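# Structural description and commentary
Chain residues, written in single-letter form:
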Amino acid sequence: MRRDVVDIKDMVNNQMKTSDEVSEMWSGSTREGFRLEGSDVDVMFWPNNHRVIWELSQSQYYNTHRQTLILCDCSDSPPGFTLLYLLSPSMDRDIQRACRACVRMNNRYYISSSIYREITCSEFTPHGPCASGTIGTQDFDYTYCFVCDFWPPSASSWIDRCHSWPQPHVVNDIVKDGCHFVAIGHKLGSHEDHEWRISFSEAEKKLVCIMNHCQFLTYALLKLFLTEIINNGLDDDDKLLCSYHMKTAVFWVIQQNTIPHWCPQNLLGGFWVCFKLILRWVYEGVCPNFFIPDNNMFLSKIHGDKQHQLFMRLYGMYEKGLAFLLHSPSIRSYIINVLNNPRLSICTDEHTLISEIEFDVNLYMEIQHNDTLYNLNKQSSMRCPHITEQMIGSTLLTQHQVLMLQKLTTYVLQKTAFILHMETYTHKNKLRYRADKISCHMLKLAAKFGYITDMMYIAMYFYKILRYMDALSIIEMIKVKLAQPYVMYYRFNVDTERYTEAVRGQSWSTKMTQAVAWDIILDNRIHYISELIPEQQFALQNSFPALFIPSLILLYMLEILCYRHVDIMRVQTALDDLQTLVHYDQGQFIPLILRDISWQILGICQQLTGNLQAALYSYQQSLRQELFNKIHTATEMRIQGICQ
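So, here's what we can say about the structure.

Parameters at a glance
Think of each chain on its own: its residues are numbered from 1, step by step along the sequence as written. Owing to the predicted nature of the model, reporting of local features is limited to residues with pLDDT of at least 70; listing and counting of side-chain atom pairs is limited to 80 or more, with chain, interface and lining totals taken over all residues. Derived side-chain values reflect all non-hydrogen atoms in the structure, with water molecules and hydrogen atoms excluded from consideration. Pairs of cysteine sulfur atoms within 2.5 Å are identified as disulfides in what follows. The buried label applies to any residue whose accessible area, calculated with a 1.4 Å probe on protein chains only, is under 20% of its type's maximum; exposed applies above 50%, and partly exposed to all values in between. Here, strands pair whenever DSSP counts at least two bridges between them. Secondary structure elements follow DSSP: runs of H or I of four or more residues count as helices, runs of E of two or more count as strands, with numbering from the N terminus. One speaks of a salt bridge when a side-chain nitrogen belonging to Lys or Arg is within 4 Å of a carboxyl oxygen belonging to Asp or Glu. Residues count as neighbours in contact if any of their non-hydrogen atoms are within 4.5 Å of one another. Only C-alpha atoms enter the line fits that serve as axes; for helices the fit covers just the stretch in contact. Angles between N-to-C directions range over 0 to 180 degrees. Our angle categories are set so that under 35 degrees counts as roughly parallel, over 145 as roughly antiparallel, 65 to 115 as roughly perpendicular, and the remainder as oblique. The sense of a crossing depends on the near helix, which, turned anticlockwise from the far helix by less than a right angle, makes the crossing left-handed and, turned clockwise, makes it right-handed. Side-chain rings of Phe, Tyr and Trp (the six-membered ring for Trp) are treated as a pair once their centres are within 6.5 Å; stacked means planes under 30 degrees apart, edge-to-face means over 60, and tilted covers the remaining angles. Charge-over-ring placement is defined geometrically: NZ (Lys) or CZ (Arg) within 6 Å of the ring centre, and within 35 degrees of the ring normal. Under the convention adopted here, Pro, Cys and the residues Ala, Val, Leu, Ile, Met, Phe, Trp and Tyr are nonpolar, Asp, Glu, Lys and Arg are charged, and Gly plus all remaining residues are polar.

Here we come to the state of the cysteines. Applying the stated criterion across every chain, the model contains 0 disulfides. Unpaired in this structure, cysteine 162 has its nearest cysteine sulfur neighbour in cysteine 179, at a distance of 16 Å. Taking the relative accessible area as the measure of exposure, cysteine 162 reaches 11% and is therefore buried. Here cysteine 287 is not disulfide-linked; the sulfur of cysteine 242 is the nearest cysteine sulfur, at 8.1 Å.

Put into structure tokens, the structure is as follows:
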């Protein structure tokens, strides 16, 4: 399910891009389906109008007037690395910027990996070939790379090795997708600052997806072993083994048929075989890349005294047997049960399903984390209906993918409606009236597809175009729907029994529109509510792309704003409801990380109604919360305005 959801986001994202835009792909453990504590989210970006080729004859497949071609030069680079020779003038702004990413060698212009990395990662913290950043509480690794539609000649031996795993159709699928090039050179290479590493992230994603249940759990067990035992307490510089080494070991063991039966009862046996392979690699100082075995991934990192010390640590674990897994807090209790009763095995029965509501909560969590397309503009959003229609018509989509597509369509319709208003509000009355009619239709359509709380965008729009009574009517409808005892509000607040009684066995689409409420996400480049413009502007300055607001908080805010124009006597009642919610909620409707914006909105409403002392207190409370939404600069500005 997790893979399906992310797949659809990537597909929609990239199909909405033009040939001059940048494609993206989620990779790493998150894309593989893991949700381990502390895991980064890896995202790869590459320009669509650039293609890397291995030989000049491959240029015939491209329109060189529209695409910049880059030729690989592996003649003087270690296996798995290459120089990239620019065949024609680049159209990519990051390279074109004063040609700072190009260096001249042997009368040719090569794209320097170190300079390109410096240019593309300037706004973030460098981390190997990646740029590290944080959105909210989630750490991201951004990799800016180039794509090649052809399989590397140096990896041709991998195709010949695939006798039993993966199957031929998977091999063909992997080969036709080619590879990527990430901006990092080999530390022992002749041109470290200019070389690029061949990346097989797309291929690895496909290989993990075809693992059976036990193989995937073995991979998971190795990742926990790495983080909780091998690297536990070590500084980053002392962490010689990484998750990629664990993945490589699993790939090799599966392909070489070292284990005849990958079944749940043999989980620890599979782990032990992989562990012994890693132990041998460390002893020999050789970790062969799965696709290009000549690329020894230990070559510049694990050698000399460090290699010896690591081997002795691992060999000490080997002598203890599987008992060393007791040092892993995540799996200790399971191991104890097995060690105390050898007849038992760790229960990994993939046919034992979690409860319906537990699955639903996880499904909607995944959708919520992936339903935002931050780079959406008017042109790309207008292509969305056609793309959605094509994808819905495909019989290859799973139920999870259809649901994710439904939610993404909701998001695109909402965003397009507000973009259209921004672009037409200064036009003549007739044009503006027509645009408003289209926007309202989009928002009503989106409300039919999305969560209960997606109706809030209609209320925001009505408030924006001064239709206060219509906005209040929508707000009352939302209140009635949210008051139902079975509504799932965020993951912290759901009455399991009532939810099951109300929607058990119904489609996920029905559940989503009738029984699920979530936070409201406001793209900071679009002004939804004028009273929140300072918060959006300062959050954007602090590199935060959106405001995340608890839906009830926004509901009460809109109610207060509308009543100020139509029924001043009812403003105080709505303000009291908002104040009670912010002051006394115990995480039921306001997640802890969203208390900054909740106190802020309370302060804004108090200030609008003239209670400056209460507003000052609320702003001060906002500053004391976790600065999730990055609105602290706006808060300080509002405090300064009151105190002057």
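Having seen the model, we can carry on.
Another aspect to go through is the pairing of strand β12 (residues 196–199). Note: strand β5 (residues 81–86) against β12, 2 bridges, orientation antiparallel. Bridge pairing in β12 places threonine 82 opposite tryptophan 196. With 3 bridges joining them, strand β11 (residues 179–182) and β12 adopt antiparallel strand pairing. Across the sheet, phenylalanine 181 pairs through a bridge with isoleucine 198, a residue of β12.

Bringing the pattern of salt bridges into the picture now. Inspection of the entire model under this criterion finds 24 salt bridges. Two residues, lysine 511 and aspartate 360, come together in a salt bridge whose shortest N-O distance is 2.9 Å. Linking lysine 511 in helix α20 (residues 508–515) with aspartate 360 in helix α13 (residues 356–370), this pair joins segments that are 151 residues apart in sequence. Per residue, the accessibility class of lysine 511 equals that of aspartate 360, and both read buried. In this structure, glutamate 535 and arginine 638 form a salt bridge, with 2.6 Å as the shortest nitrogen-oxygen distance. Within this pair, whereas glutamate 535 is found in helix α21 (residues 533–541), its partner arginine 638 is found in helix α26 (residues 632–643), the two being separated by 103 residues in sequence. By the burial criterion, glutamate 535 is buried, and arginine 638 matches it. Taken together, the shared-partner salt bridges connect Asp173, Lys176, Asp177, Glu202, Lys205 and Lys206 into one network.

Next up on the list: α20. Within α20 the residues assigned to the buried category are Trp508, Lys511, Met512, Thr513 and Ala515. Here the buried face of α20 lies against α13, α15 (399–424), α16 (429–449), β13 (488–489), α19 (496–503) and β14 (516–517).

Another aspect to go through is the packing of helix α1 (residues 2–15) against α15. Close contact between α1 and α15 brings their axes to 8 Å; oriented N to C, the two are set at 45°. Classed by the angle they form, the pair α1 and α15 counts as oblique. Our pair here, α1 against α15, has a crossing hand that is right-handed. Seen from α1, the contacting residues are Asp4, Val5, Asp7, Ile8, Lys9 and Val12; seen from α15, they are His400, Gln401, Met404, Leu405 and Leu408.

With that out of the way, let us pick up the packing of aromatic side chains. Following the criterion strictly, the structure yields 45 aromatic pairs and no others. Both rings, one in phenylalanine 418 and one in tyrosine 528, keep their centres 4.7 Å apart while their planes meet at 55°; by these two values the pair is tilted. Taken together, the positions of phenylalanine 418 in helix α15 and tyrosine 528 in the loop between β15 (520–523) and α21 put the pair 110 residues apart, joining distant regions of the chain. By the burial criterion, phenylalanine 418 is buried, and tyrosine 528 matches it. Feature note: the residues Phe225, Phe271, Trp272, Phe275, Tyr283, Phe311, Tyr315, Tyr318 and Phe324 constitute an aromatic cluster, connected by ring pairs. When the ring centre of tyrosine 85 is taken as origin, the NZ or CZ atom of arginine 108, which lies over that ring, is 4.4 Å away. Lying across the ring of phenylalanine 34, lysine 223 places its NZ or CZ 5.2 Å from the centre.

On to the packing of helix α24 (residues 595–608) against α26. The contact between α24 and α26 brings their axes to 11 Å, and the two run at 25°. Here α24 is positioned roughly parallel relative to α26, judged by the angle of their axes. For the element pair α24 and α26, the recorded crossing hand is left-handed. Across from Gln600, Ile604 and Gln607 in α24, the residues of α26 making contact are Ala634, Thr635, Arg638 and Ile642. For the contact of α24 with α26, the per-class residue count stands at 3 nonpolar, 3 polar and 1 charged.

In this section: the pairing of β5. Here β5 lies mainly inside the structure; 6 of its 6 residues are buried. Where burial is concerned, the two faces of β5 agree: the one with Phe81, Leu83 and Tyr85 and the one with Thr82, Leu84 and Leu86 are both buried. The pairing of strand β4 (residues 68–73) with β5 spans 4 bridges and is classified as antiparallel. Bridging from a neighbouring strand, aspartate 73 pairs with leucine 83 of β5.

This brings us to the environment of aspartate 294. In this structure, aspartate 294 sits in the loop between α10 (267–284) and α11 (304–320). The class for aspartate 294 is exposed, based on a relative accessible area of 65%. For the pair aspartate 294 and glutamate 531, spaced 237 residues apart in the sequence, the C-alpha separation amounts to 61 Å.

On to unusual backbone geometry, then. Omega for the bond connecting tryptophan 165 with proline 166 falls within 30 degrees of zero, at -10°, which places this linkage in the cis form. On the secondary structure map, proline 166 appears in the loop between α5 (156–161) and α6 (168–176). Residue asparagine 107 is not a glycine yet carries a positive backbone phi of 65°. For lysine 630, which is not glycine, the phi torsion reads 55° and is therefore positive. With respect to the helices and strands, lysine 630 occurs in the loop between α25 (612–624) and α26.

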